[in-house]
Amino acid sequence: MQIKRDYTQPFFRQPKRRRIRNLLFVVGLLALLMLALAWQWDRLAATVTSLGAPPPTPTPRPSQRAAYAAQLIIDNELLAAEAELARAVAERPRSIAYLYAHGSLLIELERYAEALELGASITELDARDERGFALQAAALTWQGQAALAIPIALSGLELNPRFTPLYAALTRAYVDTDRWTEALETGERGLSVNPDDADLIRAYAYALQSVGSYNDAINHLQRAIELRPTYLPTHLELAGLYLARDENSSAIDLYNRVLSIDPRNARGLLRLCLAYRKVGEFARALGFCQDSVDNNPADAAAQFQLGLLHYRDRQFNESLAAFQACLAHDDGVYDLSCRYRLGLSHYYTGDCTRGWSLLRESLALAQANGDEATTRNVLQGLAAIESDPNCVDDAAAPVDLDG
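Parameters at a glance
- Residues numbered from 1 in each chain as written.
- Predicted model: local features only at pLDDT ≥ 70, side-chain atom pairs only at ≥ 80, totals over all residues.
- Heavy atoms only, no water.
- Disulfide = S-S within 2.5 Å.
- Helix = DSSP H or I, 4+ residues; strand = E, 2+ residues; numbered from the N terminus.
- Buried < 20%, exposed > 50% of the residue type's maximum accessible area, 1.4 Å probe, protein only.
- Expected span 1.5 Å × (residues − 1).
- Contact = heavy atoms within 4.5 Å.
- Polar contact = N/O pair within 3.5 Å; in protein donor to acceptor, adjacent residues only side chain to side chain.
- Core = buried A, V, L, I, M, F, W, Y, C linked by side-chain atoms within 4.5 Å.
- Salt bridge = Lys/Arg side-chain N within 4 Å of Asp/Glu carboxyl O.

Chemist: Just checking my understanding: could you explain the state of the cysteines for this structure?
Modeler: Disulfide: a covalent bond formed between the sulfur atoms of two cysteine residues. With the rule as written, the count across this model stands at three disulfides. Across a sulfur-sulfur distance of 1.9 Å, C326 and C338 are joined as a disulfide pair. Given an S-S torsion of about 75°, the disulfide between C326 and C338 has right-handed geometry. Here C326, found in helix α18 (residues 316-329), pairs with C338, found in helix α19 (residues 335-348); they are 12 residues apart in sequence, far enough to count as distant. Note on C326: relative accessible area 0%, which makes it buried. Put simply, C352 and C391 are joined by a disulfide, and their sulfur atoms are 1.9 Å apart. Sign of the S-S torsion, about -50° for the bond between C352 and C391, identifies this disulfide as left-handed. Residue C352 is located in helix α20 (residues 352-369), and its partner C391 is located in the segment after α21 (372-387); the two are separated by 39 residues in the primary sequence. The same class applies to C352 and to C391, which are both buried. Bonded cysteines in the protein are paired 1-2, 3-4, 5-6 when counted in the order they occur along the chain.

So this is what it looks like as structure tokens:
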């Protein structure tokens, strides 16, 4: 018997229950895939987005930081330059080049103790590297320890007699120890090695001033400025020399040039105040002294000069505030000068008791220092309080005019 087959049906036909189970399996698998896709969606989206985003900025290498710091120094952005060099040193603490560059800049920022430590670090890394000696000698000299700096600089020159920063440090150290002939000779030897070292030229000008060769000093400072036109300390030194020689207009022009480079330069503001005061332009002087104080309220010298100008104009409330700030921030330089003027300002603003007390303190200081001019001024102030009928009830004790 012949069996006819229906070829429209599968050869191996599955039972109905098995088909249902397979269908449920496929549906479940699709559901799991959809859940997995939803769970990973944020991550996938971030990945896709990152494919079109720019790559992250690479971290600068120490060499790049040092190069950037060099440009910042040219632009007179010294604090930013110091931060870059500090990072370079942190990343390469055994690099003598970075240590020396950082230490040299710290000297410019008057952070001498830190510069001295970096110089010592260089010597520890390599006892025959002249840069460690130069950094230590310069830091000690600027720190007021020139006598200690001299043997260190000489030792460095024994290692490398052509390293001119050693001559610059040694020249200054000799001047500060009153060894003027040796200072001049050292500066000249260094300039024979490199006549275009601006820092050495500046140090040699310092030696020339010490022996009264002011015209030569001016010429050398002008040359140093040509070599480093944005380096402000040399500008300030030359302007100060002009002012001392009564070349007032030249000094004022140079101070204004300093402020054109750095409008917030505290020394430039203060010295321009002094220059205008010297030539009798008191209103301008007051403005620049106020700007200096606004820029750095903790500058005792600026507060003192501002107080003098207010006192001259009989603005005693203002002079009182300035002399009080001067006394608060002074490190001993202006203690007597600010103290007795503060006492007078208190008196003229009606506080006889406080004025009396400060003048009595000032009298003791002036007599102990043998300062006859200040003693006379203080005694006049005490006499004024003693004779003022408005102060009779305030004065704590009669004035001892004999001290």
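Chemist: Help me understand helix α15 (residues 266-278), please; the structure alone is not making it clear to me.
Modeler: Turn by turn, an α-helix covers 3.6 residues, leaving residues three or four places apart pointing in a common direction. With 13 residues, α15 should cover 18 Å at 1.5 Å per step; its first-to-last C-alpha distance of 18 Å lies within 8% of that length. Listed in full, the buried residues belonging to α15 are G268, L269, L270, L272, C273, A275 and Y276. Of the surrounding elements, those touching the buried residues of α15 are α13 (232-244), α14 (248-261), α16 (282-295) and α17 (300-312). Of the residues that open α15, the one with a side-chain oxygen 3.3 Å from the backbone nitrogen of R267 is N265. Downstream of α15 by a residue or two, G280 has a phi angle that is positive, lying close to 85°.

Chemist: How do you make sense of the nonpolar core when you look at a structure like this?
Modeler: Inside soluble globular proteins, nonpolar side chains tend to come together where they are buried. Residues I107, L238, Y255, L272 and F288 are the most contacted members of the largest nonpolar core, which totals 82 residues. Ignoring sequence-local partners within four residues, the contact set of Y255 consists of L236, A239, G240, L243, R271, L272 and A275. In terms of nonpolar packing, the next biggest core, distinct from the first, is built from 12 residues, L344, C352, L363 and C391 among them.

Chemist: Would you take a moment to explain the pattern of salt bridges for this structure?
Modeler: Side chains carrying opposite charge are able to pair once their charged atoms draw close together. Per the counting criterion, the structure on display carries 18 salt bridges. Taking the shortest distance from any N to any O, the salt bridge between R111 and E82 comes out at 3.6 Å. Separated by 29 residues along the polypeptide, R111 in the loop between α5 (96-108) and α6 (112-125) and E82 in helix α4 (residues 78-91) bring together distant segments of the chain. Overall, E82 belongs to the buried group, its relative accessible area being 11%. In this structure, R223 and D196 form a salt bridge, with 2.7 Å as the shortest nitrogen-oxygen distance. Of this pair, R223 sits in helix α12 (residues 214-227) while D196 is found in the loop between α10 (180-193) and α11 (198-210), placing the two residues 27 residues apart along the sequence. We classify R223 as partly exposed; its relative accessible area is 33%.

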